[in-house]
Amino acid sequence: MPRSRKPLRPAATGAQAQALATRMFAMQAEAGLTIAMRMPLLLKGALGDSSGQREATKAVVEKVSAVVESSVAATCATTAFWWGLALNPLAQVDLAEAAAKVANSTLEPFARRTRANAARLTGRR
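The present account deals with the structure reproduced in this document.

The rules behind these values
Residues numbered from 1 in each chain as written. Predicted model: local features only at pLDDT ≥ 70, side-chain atom pairs only at ≥ 80, totals over all residues. Heavy atoms only, no water. Helix = DSSP H or I, 4+ residues; strand = E, 2+ residues; numbered from the N terminus. Buried < 20%, exposed > 50% of the residue type's maximum accessible area, 1.4 Å probe, protein only. Contact = heavy atoms within 4.5 Å. Areas by Shrake-Rupley, 256 points an atom, 1.4 Å probe, with all protein chains shown as cover. Phe/Tyr/Trp six-rings, centres within 6.5 Å; stacked < 30°, edge-to-face > 60°. Expected span 1.5 Å × (residues − 1). Salt bridge = Lys/Arg side-chain N within 4 Å of Asp/Glu carboxyl O. Axes fitted to C-alpha atoms, helices over the stretch in contact; angles between N-to-C directions. Parallel < 35°, antiparallel > 145°, perpendicular 65-115°, else oblique. Left-handed = near helix turned anticlockwise from the far one by under 90°. Nonpolar A, V, L, I, M, F, W, Y, C, P; charged D, E, K, R; others polar. Bend = angle between axes of the 7 residues up to and from the residue.

## Structural notes on the overall build of the chain
For the chain, the count of helices and strands is three helices and zero strands. Across the chain, helices and strands are ordered from the amino to the carboxyl terminus as α-α-α. A buried classification covers 25% of the 125 residues belonging to the chain. Intrachain contacts of the chain at a sequence separation of at least 6 include 84% that bridge at least 24 residues. Per element, the accessible surface of the chain, about 8400 Å² overall, is 69% carbon and sulfur.

Here it is in structure tokens:
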């Protein structure tokens with residue numbers, strides 16, 4: 001049976017929100033860099049080059065699989081929260097902490113793919 005925990009102090013919840021926002025900004029910067037590095041390859045693919053077409057296909061497959069992984073991770077985190085609440089209804093619940101856990105689990109597949117793409121595309125130079 002899950003232990004009941006004290007809800008986080010507002011400062012700790014604010015720190016989690018700030019860490020989440022920082023992570024989002026870093027992911028956006030990495031995504032922009034990845035798109036910029038992919039653009040020449042994608043333009044070649046639009047002009048008929050097979051390597052550019054493979055890169056475009058790879059990009060679409062990576063994005064779709066990241067969306068699927070992200071939705072599964074969010075569903076698991078949400079389900080764990082609700083099961084914990086159902087099995088221990090008297091526990092003190094911190095909805096902000098639960099929302100941060102769901103958001104973090106949702107962002108992880110995208111962050112992992114973006115870092116891998118940036119590393120792979122940088123290595124091609």
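## So, the packing of aromatic side chains
The final tally for this structure, using the stated rule, is one aromatic pair. Consider the rings of Phe81 and Trp82, whose centres lie 5.0 Å apart with planes at 70°: the pair is edge-to-face. Classification of Phe81 as buried rests on a relative accessible area of 18%.

## As for helix H2 (residues 50-87)
With 38 residues, H2 ought to run about 56 Å at 1.5 Å a step, and its terminal C-alpha atoms sit 55 Å apart, in line with that. Those residues of H2 lying buried are Gly52, Glu55, Ala59, Glu62, Ala66, Ser70, Ala74, Ala77 and Phe81.

## Remarks on the pattern of salt bridges
For the structure on display, the rule yields two salt bridges. Across the pair Arg112 and Glu69 runs a salt bridge, and its minimum N-O distance is 2.6 Å. Remark: Glu69 occurs in helix H2 and Arg112 occurs in helix H3 (residues 95-123); sequence separation between them is 43 residues. When its relative accessible area of 39% is taken as the criterion, Arg112 is described as partly exposed. A salt bridge links Glu69 to Arg113; its shortest N-O distance comes to 2.1 Å. On the criterion of sequence distance, the pair formed by Glu69 in helix H2 and Arg113 in helix H3 is long-range, its members being 44 residues apart. Residue classification places Arg113 among the partly exposed residues on the basis of a relative accessible area of 23%. Three or more residues are tied together by salt bridges with common partners; here these are Glu69, Arg112 and Arg113.

## Describing the packing of H2 against H3
Taken N-terminus to C-terminus, the directions of H2 and H3 make an angle of 160°; their axes are 9 Å apart at the nearest point. Here H3 runs roughly antiparallel to H2, going by the angle between their axes. Note that H2 runs across H3; the crossing there is right-handed. For the contact of H2 with H3, the per-class residue count stands at 12 nonpolar, six polar and nine charged.

## Observations concerning H3
Side chains three or four residues apart in an α-helix point the same way, a direct result of the helix having 3.6 residues per turn. With 29 residues, H3 extends 42 Å between its outermost C-alpha atoms, agreeing within 8% with the 42 Å of an ideal straight helix rising 1.5 Å per residue. Most pronounced at Glu108, the bend in H3 amounts to some 30°, and the proline Pro109 follows within four residues. Turning to H3, its buried residues number three or more, namely Glu97, Ala98, Ala100, Ser105, Leu107, Pro109, Ala111, Thr114, Asn117, Ala118 and Leu121.

By themselves these figures say nothing about function.
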